[in-house]
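Residues per chain, in single letters:
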Amino acid sequence: MVLSLVDGLARKALFSMDPETAHGLTIKALSSGLFPACEPAADGRLAVKLFDLTFPNPLGLAAGFDKNGEVPDAVLRLGFGFAEVGTVTPRAQTGNPRPRVFRLPADHGVINRYGFNNEGHAAMRARLEARRHRGGIVGVNVGANKDAGDRIADYVAGIEAFADLASYFTVNISSPNTPGLRDLQARDALRDLLKRSLHARDDASERVGRKVPVFLKIAPDIDDKAMEEIAEEVLAAKVDGLIVSNTTISRDHLKDSATAKEAGGLSGRPLFRKSTIALARMRKLVGPQLPIIGVGGIDSPETAWTKIAAGATLIQLYTGLVYEGPGLVRRILSHLSKQLDSNGLGHISEAVGANVDAWADVRED
Ligand SMILES: Cc1cc2nc3c(=O)[nH]c(=O)nc-3n(C[C@H](O)[C@H](O)[C@H](O)COP(=O)(O)O)c2cc1C
């Protein structure tokens, strides 16, 4: 109660600042241990075993919050089952000019056009090396520099650079803020990207003693045909999993119509429906076995459960944290446990895809 009051006051103060400044302060507070740990009581029914990893619970922090790997342990102490750092590119880059992040409070959304501002592989490596023995699942989300001559080579470099430190990799080809990046989702380019990325992973596996799982993160703005092609290529290349989805370039049904005009990727509540439809359709295309991380617009216990029922093996969020604060993590996890009780389920995996047909059939209006 006291904690949620402090949390509420802190959020009010953060909302009075420009969003990028507020984010910088949040990272500082997390890295200086200012946030009280609020790890929820472990519920073994929520633990998810995938590959050689045991996720203590299915809720992770999505990429983009901790772009430089500064606070993965503080994030895990908030109760998240896993943290994804990045997107990191080989060389440091400044990204787009400020302002480049915008809140849409009436919609509970955010638009960002950061453009992969990050400190580069070497800085991220130094931080992850320093925490190497701390445990916890930390995924590394890799991307390409804006001015890269061979974009795919940048993904390969990321996999080579972090193979001994990453619990898993995310190959992010879905940011709308690096011109041309999403062209890598087109069939021929995708085939080449997946082949070279997985080859780099396989090569590194002898050196690091494990086969680091590789997830592909896609945009929600993909038509049915492109979705089918991605599913076919992912299965043919034996990618380990998918993340559905990144932010959207669409601007449907927004109340905050002035801010909606800003260029960039839209996240949060207005993305929930679109990303959940994409998730369910992808789940039907790839079948029940392939792990999929469902992300986009989770900002309540109910939306977390819905995402799992639409086909997500694991889930992530980012924007929900901006509007709800870190208490959201605990609320979601206790709701998932309660849902298992009330549905008579013994494990969270039994809920995955329970409602996939209904979501896959939803027509976007
Ligand atoms: C400010 C901001 C920065 C982001 N940066 C990245 C990024 O660097 N790499 C990435 O893969 N996704 C990035 N994302 C997308 C999120 O990881 C997530 O896919 C998306 O926001 C949808 O989830 P949400 O509605 O819970 O925020 C970013 C999102 C936001 C809001």
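Read on for an overview of the structure. In this text the structure is predicted, and so the values were computed from the model without any measurement.

**A short note on the pairing of strand β4 (residues 82–88)**
Here comes step 1: Of all the seven residues making up β4, seven are buried; the element is thus mostly covered by neighbouring parts of the structure.
Here comes step 2: When strand β3 (residues 59–61) meets β4, the two strands line up parallel, connected through two bridges. Paired with Leu 61 across the bridge in β4 is Ala 83.
Here comes step 3: Note on the crossover from β3 through helix α3 (residues 72–77) to β4: the handedness is right-handed.
Here comes step 4: Two strands pair when backbone bridges link them, and β4 and strand β7 (residues 138–142) are joined in this way by five bridges, in the parallel orientation.

**Regarding the sheet that holds β4**
In a beta sheet, neighbouring strands pair by backbone hydrogen bonds and run either parallel or antiparallel.
Here comes step 1: Pairing within the closed barrel is parallel, and its eight strands lie in the order β3-β4-β7-β8-β9-β10-β12-β13. Averaged over all pairs of adjacent strands, the angle between strand axes in this sheet comes to 25°, irrespective of strand direction.
Here comes step 2: Direction of pairing for β7 relative to strand β8 (residues 168–172): parallel, over a ladder of four bridges. Each residue of the ladder has a partner; that of Gly 139, found in β8, is Tyr 168.

**Some points on the pattern of salt bridges**
Here comes step 1: This model, assessed by the stated rule, comprises 28 salt bridges.
Here comes step 2: Of the charged contacts, one joins Asp 73 and Arg 134 as a salt bridge, the two residues approaching to 2.9 Å between their closest N and O atoms. Separated by 61 residues along the polypeptide, Asp 73 in helix α3 and Arg 134 in the loop between α4 (120–130) and β7 bring together distant segments of the chain.
Here comes step 3: Two residues, Arg 201 and Asp 240, come together in a salt bridge whose shortest N-O distance is 2.9 Å. Of this pair, Arg 201 sits in helix α6 (residues 187–208) while Asp 240 sits in the loop between α7 (224–237) and β10 (241–244), placing them 39 residues apart in sequence. Considered together, Arg 201 and Asp 240 belong to a single accessibility category, that of buried residues.
Here comes step 4: The network of salt bridges with common partners includes Asp 18, Glu 20, Arg 98 and Arg 100.

**Comments concerning the sheet that holds strand β5 (residues 101–104)**
Here comes step 1: Overall, antiparallel pairing links the three strands, which are arranged β5-β6-β11 in an open sheet. The sheet is open, and its two edges are formed by β5 and β11 (265–268), each paired on a single side. Here the average twist between neighbouring strands, direction ignored, is 25°.
Here comes step 2: In the sheet, β5 pairs with strand β6 (residues 109–112) via four bridges, with the strands oriented antiparallel. Bridging across to β6, Arg 103 finds its partner in Val 110.

**Side note on the packing of helix α9 (residues 301–309) against helix α11 (residues 327–342)**
Here comes step 1: At their nearest, the axes of α9 and α11 sit 8 Å apart, and the two run at 55° to each other. By the angle class used here, α9 and α11 are oblique. Between α9 and α11 lies a crossing whose hand is right-handed. Across the interface between the two elements, Pro 301, Glu 302, Ala 304, Trp 305 and Ile 308 of α9 pack against Leu 328, Arg 331, Ile 332, His 335, Leu 336, Gln 339 and Leu 340 of α11.
Here comes step 2: The class makeup of the residues in the contact of α9 with α11 is eight nonpolar, two polar and two charged.

The rules behind each value
One numbering rule holds for all chains: residues counted from 1, following each sequence as written. Residue-level local features of this predicted model are given only where pLDDT is at least 70; pairs of side-chain atoms are given and counted only at 80 or more, and the full residue set underlies all totals for whole chains, interfaces and linings. Where side-chain values are given, they derive from all heavy atoms of the structure, hydrogens and water being excluded. Relative accessibility under 20% of the residue-type maximum defines a buried residue, over 50% an exposed one, and the middle range a partly exposed one, all with a 1.4 Å probe and only protein chains included. Under the DSSP-based scheme used, a helix requires at least four consecutive residues in state H or I and a strand at least two consecutive residues in state E, with every element numbered from the N terminus. By the convention used here, strands pair only if DSSP detects at least 2 bridges between them. Crossover handedness is defined by viewing with both strands directed away from the observer: a clockwise path from the first strand over the helix to the second marks the crossover as right-handed. Axis lines are fitted to C-alpha atoms, over the contacting stretch for helices. Their N-to-C directions set the angle, which ranges from 0 to 180 degrees. Salt bridges, as used here, are contacts in which a Lys or Arg side-chain nitrogen is within 4 Å of a carboxyl oxygen on Asp or Glu. Should an angle fall under 35 degrees it is called roughly parallel, over 145 degrees roughly antiparallel, and 65 to 115 degrees roughly perpendicular, with every other angle called oblique. Handedness of a crossing is defined here by the sense of rotation of the near helix relative to the far one, left-handed for an anticlockwise turn of less than a right angle and right-handed for a clockwise turn. Contact definition: two residues touch when any of their heavy atoms are within 4.5 Å. Following the grouping adopted for this structure description, the nonpolar residues are Ala, Val, Leu, Ile, Met, Phe, Trp, Tyr, Cys and Pro, the charged ones are Asp, Glu, Lys and Arg, and the polar ones are all others, Gly among them.

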